[in-house]
Amino acid sequence: MTELLPPLVVAPMAGGPSNPALVTAAARAGSVGFLAAGYQTPEAVEDQVRATRAAGVPYGLNIFVPTPAEPDPARVEAYRRLLLPEAQRYGVDLPAPRRHDDDHFAAKVDLAVAYAVPLVSFAFGVPPAGVVRALRGAGCHVLITVTSADEARRAVAAGPDALVAQAGTAGGHASTTDPSGYRPRGKARDLLAAVRSVTDLPVVVAGGTSAAEDVAGLRAAGAAAVQSGTAFLLADEAGTRPAQRAAMLSGDFRRTVVTRAFTGHPARALANRFTDAYSAAAPVAYPAVHHLTAPIRAAAARLGDAEALNLWAGTGFASAAPGPAADIVARLTG
């Protein structure tokens, strides 16, 4: 397993940033990157897998594990009513709340098996042991993302090849199995030590890595590899939305918050008008809230209005800089 993991891993970033161009460029620079299957149709994921595979580089695919709990319809509907002024502001209609959505989990696992994707990681939970066995039987190496030692113990029972330990400083969704009780405690080094205390599996660590010193220090502390996402949001090859690029370069967004306002699941983003207005009211209801706010976010993106966008970013966002992915890899590993 460790021979497939260079010192630096480019994190999967759903919603656009992670694409074949970024993954390929990172691999050619000596890293390995993950495509992000989240939110995409199986057909779109297959297109990306084919394009990356054709490049002849090592790569990975990240898949969301379905949320088992049904959201409280009354709380979702109350949040929908609260968001009606936002719908009017952006001239969109809000969809009726969805009761369940598994993000085409089985079809995406089948794709990973069919294409023998070298590295397959999971977020938002622990996949069934049978899924892990099927992937490993196809030649895939399986990683499960955790946010605590307790989650690591449960993940190890499924039989993966490695774990990804995601600290609270990481950008984007927290891969916690307890979204209502999640608190972004501790830094990457602390979580690495906690996870390594309960397993001998290789551990990839993520969260707040914005400089070569961070990567080197975590590797010295026992990480099999260090995963970085925010540092690559401004990479030339990334599919990051123009509005987010502009926001990160503007200097107007100075802090991050962990919020459920956009998707109903805790995620770290740049604080903006939307997070300030709705974080306290947003229910634990992923992916129902994700679908509910999607028209607002799409309209804001078209208008270049970053104040209503989910600007996922980790605590090291201020160090991100534009440039080729190869230069960013060199900066973080040099």
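So, here is what we can say about the structure in this document. Computed from a prediction, not measured in an experiment: that's the story for all the values here.

The next subject is the sheet that holds strand β8 (residues 203–206). With parallel pairing, 8 strands are arranged side by side around a closed barrel as β1-β2-β3-β4-β5-β6-β8-β9. Neighbour-to-neighbour, the strand axes of the sheet open up by a mean angle of 25°, direction not taken into account. Examined bridge by bridge, β8 and strand β9 (residues 225–228) share 3 bridges and lie parallel to one another. In the strand pairing of β9, V205 is matched with V226. Running at roughly 165° to strand β3 (residues 59–64), helix α5 (residues 105–114) makes contact with β3 and β4 (119–123) of the sheet.

Once that is clear, we can look at the layout of surface pockets. Taken as a whole, the second largest pocket spans an internal volume of roughly 310 Å³. Lining the second largest pocket we find 21 residues, and of these T147, S148, Y182, R183 and R185 sit closest to its centre. Among the residues making up the lining of the second largest pocket, the classes are represented as 6 nonpolar, 8 polar and 7 charged.

Moving on, we come to the pairing of strand β11 (residues 267–270). Along a regular strand, successive side chains alternate from one face of the sheet to the other. Summarising the sheet, strand β7 (residues 172–173) and β11 pair through 2 bridges and their orientation is antiparallel. Looking at β11, one finds that G172 is bridged to R268. In terms of strand pairing, strand β10 (residues 256–259) meets β11 through 4 bridges, oriented antiparallel. Counterpart to T256 in the pairing with β11 is L270.

This part is about helix α13 (residues 325–333). Among the residues of α13, A325, I328, V329 and L332 are the ones counted as buried. Relative to the axis of α13, the buried residues are bounded by an arc of 100° and lie together on one face. Those residues of α13 that are buried lie in contact with β1 (8–10), α1 (20–28), α9 (212–220) and β9.

Pairing within the open sheet is antiparallel, and its 3 strands lie in the order β7-β11-β10. On the outer flanks of this sheet lie β7 and β10, each paired with one strand and no other.

To continue, consider the environment of V289. Assignment of secondary structure puts V289 in helix α12 (residues 288–303). Classification of V289 as buried rests on a relative accessible area of 0%. Counting along the chain gives 158 residues from V289 to V131, while the straight-line C-alpha distance between them is 27 Å.

Turning our eyes to something else, we now look at the packing of α1 against helix α2 (residues 42–54). Here α1 crosses α2 at 25°, and the two axes come no closer than 9 Å. Between α1 and α2, the crossing angle belongs to the class labelled roughly parallel. Of the two possible hands of crossing, α1 and α2 adopt the one that is right-handed. Within the contact between the two elements, α1 uses P20, V23 and T24 and α2 uses Q48, A51 and T52.

Let's shift gears to the nonpolar core. Residues L61, Y79, F122, L135, F232 and F274 are the most contacted members of the largest nonpolar core, which totals 90 residues. Here the element with the most residues in this core is α12; it accounts for 6 residues. Apart from residues lying up to four places away in sequence, F274 is in contact with Y79, L83, E86, A261, F262, S279, T293, I296, E307 and A308. In this structure, L5, V9, A162 and A225 belong to the second largest nonpolar core, which totals 12 residues.

The subject of this paragraph is the packing of aromatic side chains. Here the distance between the centres and the angle between the planes together describe a pair of aromatic rings. Considering all chains together, one arrives at 8 aromatic pairs under this definition. Both rings, one in F262 and one in W312, keep their centres 5.9 Å apart while their planes meet at 85°; by these two values the pair is edge-to-face. Highlighted residues: F262 in the loop between β10 and β11 and W312 in the loop between α12 and α13, separated in sequence by 50 residues. One aromatic cluster in this structure is built from Y79, F262, F274, Y278 and W312.

Here we come to unusual backbone geometry. Residue P287 is reached from Y286 by a cis peptide bond, and omega for that bond is 5°. For H104, which is not a glycine, the phi torsion comes out positive at approximately 55°. Along the chain, H104 turns up in the loop between α4 (84–90) and α5. A positive phi is found at F124, a non-glycine position, where the angle reads about 80°.

Turning to the environment of G334, a few remarks are in order. As for its placement among the helices and strands, G334 is situated in the segment after α13. For the pair G334 and A216, spaced 118 residues apart in sequence, the C-alpha separation works out to 9.1 Å.

What follows deals with the side chain of S31. Along the chain, S31 falls in the loop between α1 and β2 (32–36). Only 2.6 Å separates the side chain of S31 from the backbone oxygen of L8, close enough to count as a polar contact.

Rules of the game
- Residues numbered from 1 in each chain as written.
- Predicted model: local features only at pLDDT ≥ 70, side-chain atom pairs only at ≥ 80, totals over all residues.
- Heavy atoms only, no water.
- Pairing = 2+ DSSP bridges.
- Helix = DSSP H or I, 4+ residues; strand = E, 2+ residues; numbered from the N terminus.
- Axes fitted to C-alpha atoms, helices over the stretch in contact; angles between N-to-C directions.
- Contact = heavy atoms within 4.5 Å.
- 1 Å grid on protein atoms, 1.4 Å probe; cavity = no way out; pocket = protein on both sides within 12 Å on 5 of 7 lines; lining within 4 Å.
- Points joined across faces, edges and corners; volume = space filled by probe spheres on them.
- Nonpolar A, V, L, I, M, F, W, Y, C, P; charged D, E, K, R; others polar.
- Buried < 20%, exposed > 50% of the residue type's maximum accessible area, 1.4 Å probe, protein only.
- Arc of directions from axis to C-beta.
- Parallel < 35°, antiparallel > 145°, perpendicular 65-115°, else oblique.
- Left-handed = near helix turned anticlockwise from the far one by under 90°.
- Core = buried A, V, L, I, M, F, W, Y, C linked by side-chain atoms within 4.5 Å.
- Phe/Tyr/Trp six-rings, centres within 6.5 Å; stacked < 30°, edge-to-face > 60°.
- Polar contact = N/O pair within 3.5 Å; in protein donor to acceptor, adjacent residues only side chain to side chain.

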